[in-house]
Structure formats: C-alpha cells, structure tokens
Amino acid sequence: MSAISVKNIIKTYGKKKQKVTALNDISFDVNEGEIFGIIGPDGAGKTSLFRILTTLLLADSGSATVDGLDVIKDLKEIRKKVGYMPGRFSLYQDLTVEENLQFFATIFNTSINENYELIKDIYVQIEPFKNRRAGKLSGGMKQKLALSCALIHRPSVLFLDEPTTGVDAVSRKEFWEMLKGLKAQGITILVSTPYMDEARLCDKVLLLQKGKVLSINTPDGVIKDFENPLMAVKAKGMLPLLEKIKAMDIVKDAYPFGEYHHVVMKKEENVEQLKSNLTKADLKEFEIKRVEADIEDCFIQLMKEE
Amino acid sequence: MRTLRFLLQKEFRQIFRDPSIIRLIFIMPIIQLMILPWAADYEIKNIKLSVVDKDHSDYSRQLISKITSTGYFQLAVYTNSYPEALQQVEKGNADLVMEIPASFEKELVKEDQATLFLAMNAIDGVKANLGSAYLRSIIQDFNREVRLEWIQFPRFSPETQIEITSSNWFNPLMNYKYFMVPGILVILLTMIGVNLTAINIVREKEIGTIEQINVTPVKKFHFILGKLIPFWLIGLLVLTIGLTIAWLAYGIIPVGSFVTIYIFAAIFLLAVLGLGLLVSTYAENQQQAMLVSFFIMMIFILLGGLYTSIDGMPEWAKWITRFNPVAYFIEVMRMVVLKGSGLADIKKHLLIMFGFAVVLNSWAILNYRKRS
C-alpha cells in the first residue's frame with residue numbers, strides 16, 4: 001500500500017477571467033517510509049498540493065489518499081495521523097519553546113514523554129532554550145521547534161513545505177540528516193523544496209512546474225534520463241561567450257551554471273566540434289570539460305521541453 | 001475537556017504576555033469613564049450673563065442679585081450700553097443679554113407693568129434655550145415677590161390659578177452622570193468584546209498558527225470556546241472595574257441589584273463575543289477586522305440610545321435599534337441602576353439577548369471552516 005496516493009488532482013484559483021491553474025492533473029504515489037521530494041520553483045503549486053493533502057484545501061477534482069485514508073471523507077482521521085510543517089513559521093511566538101511543544105502534544109491527545117524518543121535528537125538541540133519564547137529563536141531553532149511540534153504525536157506521514165527556505169547551509173545539512181533519522185523510524189516524508197541540490201537527498205523526486213508534473217523518478221533516474229552530452233565552459237568575458245555558444249547550431253541549449261556555462265550538445269560528435277570551435281576563437285583563460293548532468297540540468301531541460 | 005483546558009491555558013498565557021492588552025483592559029475603562037461623562041453633560045451651569053442696567057434702581061439690583069444667586073448664572077458684564085453688551089457676546093464673554101430699561105422700577109410701581117429685554121446667543125442652541133427658560137422662571141418668581149410686596153392678597157385667590165410644577169422620577173436632581181455613566185460602561189464592554197475577539201482570531205490567521213491548529217484533531221467547538229471564555233471573563237472584569245469607578249468617582253450605586261446587572265452582562269457578552277467571532281471568520285487580516293468592527297461600533301453607539309433617545313427616533317430607525325444588542329443593554333443598565341428593575345422587569349430583554357447570543361455564535365461556528 002502506498003502512503004500517499006494522488007490521482008488526477010486539479011486545483012484552480014480565481015474567477016473565470018483571471019483563472020490560475022495551480023495544479024493541473026497531478027498523479028503520483030509515495031511508498032511507505034520514503035523521502036519523497038517535490039522540486040519546483042516558486043509558484044509551481046507545491047503549497048497547494050500540501051494543503052490539499054493535509055485536508056486544508058479542497059481540490060476541484062481528483063482524489064487523494066494519505067495512509068490509505070481519503071482526504072475528503074476521512075479528514076478527521078487524517079488529521080490525527082499526519083504532521084504538517086508549513087513553509088512559514090506558524091507556532092505561537094509568545095509562548096515558550098516548551099509551552100509550544102506541550103500545547104501541540106495536548107491537542108493531539110498525547111504528552112511530550114510519550115513520544116520523546118522520536119523527537120529526542122532534534123529537541124535536545126533546542127532544549128537549553130526551552131524557556132525562551134518561540135518568537136525570539138533564531139531561524140534554524142524555529143525550524144527545529146516546528147519539526148518537533150509536527151512530530152510530537154508520532155505521525156505516520158510528515159508533510160514539510162519548504163522546510164529549508166531561508167535557512168543557512170549548515171542548518172540545511174543538519175536538517176536533512178534529521179530527516180534521514182526519521183525515515184529510519186519508518187515515517188513517510190513528503191518534502192518540497194526549491195533547491196535542486198536537495199533533490200539528491202530524496203529517495204524519489206517529482207519535478208513540478210506551473211502545476212504540471214515534469215518527471216517522477218529517483219534522483220539517479222532523473223539524471224539518467226538526461227541523454228545529451230553536457231559540457232562546462234569558462235573563459236574571460238562570460239556574457240559574449242554565452243552568446244557565441246548559443247549562436248552555434250550544434251548546441252541545443254546553453255545557460256550560466258555557477259562559474260561555468262553549461263552547454264547541452266545535440267549529439268555526441270558535437271562535443272569535439274565545440275571544443276575546436278572555441279579553441280579557434282582564441283579566448284583568454286579558456287577552459288572546457290565534460291561534466292555529468294545534475295538535477296538542475298535535468299530540470300532546466302524538462303522545463304524547456306514543455 | 002483536557003484539550004479545552006489547554007486551549008484556555010494557552011490563551012490566557014498569550015493574553016497576559018501581551019502588555020498592550022493588559023493596558024487596554026485596565027486603562028481604557030478608567031479613561032473613558034473619567035472623561036466622557038463630564039463632556040457629555042447636558043446640564044447647564046455657569047451661563048454668562050451680561051446685564052445692561054439703565055435703571056440702576058433698587059428693583060433692578062434686586063433682580064440681578066436674585067438671578068446670580070441661583071448658581072446657574074454668572075454676571076459676566078455689567079454695563080449700561082446695549083452695543084457694548086452685544087460686543088461681549090460676540091467675543092464669547094457672555095451668552096445672554098438682559099436689558100433693564102431706564103424706567104423699569106417707576107413703571108413697575110406706577111403702571112403695574114414693566115418690560116425687560118432678553119437676547120441670547122443661539123450659536124449654542126441648548127444653552128440659549130435652557131438659559132432663557134431658567135431666566136424667565138426666575139423673572140416670574142421675582143414678579144410674584146414684587147406683587148406680594150404691593151398687593152395684599154385675599155386669603156383665597158379670586159381667580160383660579162393653575163400652576164404646573166414637576167418633579168423628576170428616578171433621577172430627581174437630573175444628574176446627567178447618572179444617566180451617562182451606565183451607558184458608557186456598556187459601550188466599553190461592547191468595544192472590548194467585539195474588537196478583542198475579532199482581532200485575536202484574525203491575528204492567528206495572519207501569523208499562520210490557525211493553519212497549524214486546523215491540521216490537528218481539535219474540534220471547532222473547542223477552539224471557539226477556547227477563544228470565547230477568556231474574553232468573556234475579561235469582559236466581566238472590565239464591568240467590575242467600571243462599576244467600581246462609577247461608585248468611587250460618581251457615587252453611583254445601582255438602585256437595583258448587581259446580580260441582575262451581571263446576569264444580563266454575561267449574556268450580553270456572549271452575544272458581542274459571538275459578533276466578534278463572526279467578524280473574524282469573514283476578515284482576512286487585522287485591518288479588515290478593525291474596519292468592520294469600527295463600522296459596527298459606530299452604528300451600535302449612534303443607534304444605541306446613549307446620546308439620543310430611541311423613542312425620539314423615526315420609526316425605521318427604531319426598527320434598526322431592535323437589532324442592536326447595545327441598545328438593549330443600555331436600557332437595562334439604566335433600568336437597573338436608576339429604577340431598580342429586577343430580573344422580572346427585564347425578562348423580555350434577557351430573552352432577546354439570549355437569542356442574539358445563540359444566533360451570532362452559531363453563525364460564527366458554522367462559518368468557521370477548518371478547510372477552504
């Protein structure tokens with residue numbers, strides 16, 4: 001049985017004239033105990049999807065189940081079983097760390113002690129500040145507290161909506177370590193993120209763009225689907241270089257990527273052509289190398305194919 | 001029950017940690033009750049009188065001292081030229097001009113009648129009307145004294161005389177504060193009830209905490225009760241503070257029983273808290289909630305009979321006041337404080353208020369959706 005099953009979900013906002021389709025016929029399945037990543041830029045429809053699955057929003061059509069329960073019919077059961085951490089910090093800022101945790105434990109009809117094992121690793125990090133008001137915590141601490149509150153009732157499915165947005169690199173890394181720990185405890189995790197580098201850390205990813213599914217695969221699978229040869233090019237004067245490369249008809253696509261330009265070739269034999277073309281151009285500090293595609297390259301390609 | 005207890009605990013913690021709410025609860029009633037009753041005072045005292053005395057006779061002096069000894073009038077200007085007196089009115093130094101003609105005493109003695117001239121500044125209409133009425137009755141009184149001095153009245157008056165005297169019931173001295181303070185207290189309670197609840201829930205919407213609550217198994221009913229009870233208690237606390245101030249500052253002790261006031265206030269608070277909840281279920285942010293509750297408050301106050309008597313309103317406006325919980329409470333407060341009405345006398349009001357409470361709260365609960 002899959003932990004989450006979504007079938008043909010459609011959600012639109014607004015009236016006739018300015019109708020915006022947030023989710024356009026989305027279907028996917030998440031297996032139990034998986035970390036499933038929803039990757040997409042802002043406005044892709046990630047939050048709408050989360051709100052539908054956490055029973056906060058009604059879809060226009062389609063059906064979805066969470067832990068085998070229907071999101072429309074069995075909403076009361078679902079609310080007991082899922083943990084939800086919204087993208088925005090939404091705990092009581094004027095209550096202390098401990099009071100927040102206790103409050104959420106109580107409304108889920110449990111106590112901190114009962115499920116302390118589950119949150120221990122996360123909570124010990126904020127325990128020294130347990131008498132501080134939540135509003136006075138740093139960003140990373142707030143996020144740990146929010147995660148603790150979402151876990152306090154031992155949910156079977158955990159929904160994390162952009163948990164790492166606005167969090168520093170070290171905390172992000174820590175956070176993903178925590179998710180791995182939770183996965184080991186058998187909790188299914190649905191996590192959304194706009195950061196492509198985090199996609200690699202998921203068991204499976206769904207690439208979402210403008211409410212449409214571009215691809216559902218394992219991170220490796222997504223990369224494997226990227227068939228064209230990929231080159232990284234660097235030289236002095238990056239902007240003219242990019243224009244020059246884009247003008248070549250052996251090039252399928254080229255875009256800035258960190259300190260390099262990534263160049264997607266149409267065919268394997270184009271690689272040598274590009275090399276010789278650019279060497280001829282007599283560029284300063286010129287550098288070219290073959291690279292492996294990563295999720296971001298795949299995403300850019302999928303987006304452009306749409 | 002355990003959930004509700006924790007919801008209440010959380011709510012109280014939040015309230016007591018917000019210093020601005022505490023200030024609002026304690027300082028607002030004190031300021032309103034200390035200032036407003038003095039400003040909204042229709043009783044006229046210290047009317048500034050300007051006298052143009054062209055007679056300088058015994059009688060004119062007697063008349064003037066009689067007028068000023070009442071306490072209502074202050075002799076502001078004493079002159080013998082009318083234009084000068086009028087100038088003082090224009091400058092705002094006098095409200096009324098009384099001109100005593102040169103032959104006042106002579107005519108009074110010889111011709112049995114004399115004329116006086118009164119002119120009032122009608123810019124302040126209430127003052128002008130009441131002032132001239134007071135003055136006229138003083139002059140009449142003076143007239144009688146003069147007649148007594150000159151004419152030996154027969155034991156029985158040869159002609160029938162009907163004199164109308166009146167006495168005020170319930171507020172014999174017509175102390176306007178007795179009338180205003182209970183009304184202002186009602187407005188205060190309404191403001192706290194509607195605004196605090198409306199803004200409190202909308203703030204949870206704004207911060208996003210309501211979203212977090214909505215994904216939990218908390219029942220709508222519990223959540224709303226958790227919001228209602230704290231503000232209900234705060235409302236009763238404010239009422240107590242208000243009644244204490246009314247007693248300490250104005251010496252107002254209800255003729256009726258405090259129990260009657262508290263019973264009605266308890267139900268009234270339920271109704272206005274329900275209204276606050278209702279506003280909060282529709283409003284998306286604090287601005288909307290504020291504007292809507294401000295609008296409702298304006299109507300409640302202006303059509304509540306605080307300043308203007310409802311009985312004096314046109315029929316259609318009377319109909320609107322029937323849907324105004326504040327109007328009922330102001331009436332009940334005045335009934336209990338001034339007349340000493342008991343529960344039996346306000347039975348109808350109680351029932352109607354109970355109806356308001358049920359309708360507004362059920363509407364709010366129905367309209368509060370955990371999912372959109």
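In case you missed it, the structure is sitting above this.
In this report, the structure presented in the accompanying data block is examined. Note that residues are indexed from 1 along each chain, following the sequence as it is written. Chains carry letters from A onward and ligands carry numbers from 1 onward, assigned in written order. Per-residue local features of the predicted model are confined to residues with pLDDT of at least 70, and side-chain atom pairs are confined, for both listing and counting, to 80 or more; whole-chain, interface and lining totals are unaffected and use all residues. Excluded from the side-chain calculations are hydrogens and water; all other atoms, namely the structure's heavy atoms, are used.

Looking at helix H9 (residues 270–280) of chain A
All names here are of chain A. Convention followed: Burial classes: relative accessible area under 20% of the type maximum marks a residue as buried, over 50% as exposed, and values in between as partly exposed (1.4 Å probe, protein chains only). By definition, any uninterrupted DSSP run of H or I lasting at least four residues is a helix, any uninterrupted run of E lasting at least two residues is a strand, and each is numbered from the N terminus. The arc in question is the one spanned by the directions pointing from the helix axis to the C-beta atoms. Note on contacts: a residue pair qualifies if any of its non-hydrogen atoms lie within 4.5 Å across the two residues.
Taken together, the buried positions of H9 are Asn270, Val271, Leu274 and Leu278. With its buried residues spanning 105 degrees around the axis, H9 presents them on a single face. Turned more than 90 degrees off the buried face of H9, the exposed positions are Glu272, Thr279 and Lys280. Looking at the buried positions of H9, the neighbouring elements they touch are strand E11 (230–234), helix H8 (238–247), strand E12 (251–257), strand E13 (260–265) and strand E14 (287–290). Where H9 terminates, the next one or two residues include Asp282, which has phi positive at roughly 55 degrees.

Observations concerning the environment of Glu285 of chain A
Positionally, Glu285 of chain A belongs in the loop between H9 and E14. Expressed as a C-alpha distance, the spacing of Glu285 of chain A and Lys252 of chain A, which sit 33 residues apart in the sequence, is 24 Å.

Brief notes about the packing of helix H13 (residues 325–339) of chain B against helix H14 (residues 347–367) of chain B
A packed helix pair is summarised by two numbers, namely the angle formed by the two axes and the spacing between the axes. All names here are of chain B. The following threshold applies: Think of each axis as a best-fit line through the C-alpha atoms, taken over the contacting stretch in the case of a helix, with angles from 0 to 180 degrees between the N-to-C directions. Here the angle decides the label: under 35 degrees means roughly parallel, over 145 means roughly antiparallel, 65 to 115 means roughly perpendicular, and every other value means oblique. Helix crossings fall into two classes, left-handed where the near helix is turned counterclockwise from the far one by less than a right angle and right-handed where it is turned clockwise. In this count, Pro and Cys sit with the nonpolar residues alongside Ala, Val, Leu, Ile, Met, Phe, Trp and Tyr, while Asp, Glu, Lys and Arg are called charged and the others, Gly among them, polar.
At their nearest, the axes of H13 and H14 sit 10 Å apart, and the two run at 150 degrees to each other. By the angle between their directions, the pair H13 and H14 is classed as roughly antiparallel. Here H13 and H14 pass one another in a crossing that is left-handed. Here H13 contributes Pro325, Tyr328, Glu331, Val332 and Met335 to the contact with H14, which in turn contributes His349, Ile352, Met353 and Phe356. A breakdown of the residues in the contact of H13 with H14 according to their chemical character gives seven nonpolar, one polar and one charged.

What about the pairing of strand E10 (residues 212–217) of chain A?
Residues and elements named next belong to chain A. Condition: Paired strands are those between which DSSP finds at least two bridges.
Judged from the five bridges that link them, strand E9 (residues 204–209) and E10 form a sheet pairing that is antiparallel. Following the sheet pairing, Leu207 is matched in E10 by Ser215. If you look at the hairpin formed by E9 and E10, you'll find two residues sitting between the two strands, and Lys210 has a positive phi there, around 50 degrees.

A few points about a nonpolar patch on the surface
Residue and element names in this part refer to chain B. This is how the line gets drawn: Here a patch means residues that are over 30% exposed by relative accessible area and free of salt bridges, tied together within 9 Å if like-charged and within 5 Å if nonpolar (Val, Leu, Ile, Met, Phe, Trp, Tyr). Note on areas: Shrake-Rupley with a 1.4 Å probe; residue coverage comes only from the protein chains shown. The salt bridge definition used is simple: a Lys or Arg side-chain nitrogen within 4 Å of an Asp or Glu carboxyl oxygen.
Taken together, the side chains of Phe26, Ile27, Ile30, Ile31, Met34, Ile35, Leu36, Leu237 and Tyr307 make up a nonpolar region of the molecular surface, amounting to roughly 750 Å² of accessible area. The leading source of residues in the nonpolar patch is helix H2 (residues 19–39), at seven residues. Locating Met34 in the fold gives a position in helix H2. The partly exposed category is assigned to Met34, whose relative accessible area is 39%.

Details of the side chain of Gln209 of chain A
Residues and elements named next belong to chain A. As for its position among the elements, Gln209 is in strand E9. Take Gln209: its relative accessible area is 13%, and that puts it in the buried class. For Gln209, the residues in contact, after removing those within four places along its chain, are Pro41, Ala44, Leu214, Phe299 and Met303.

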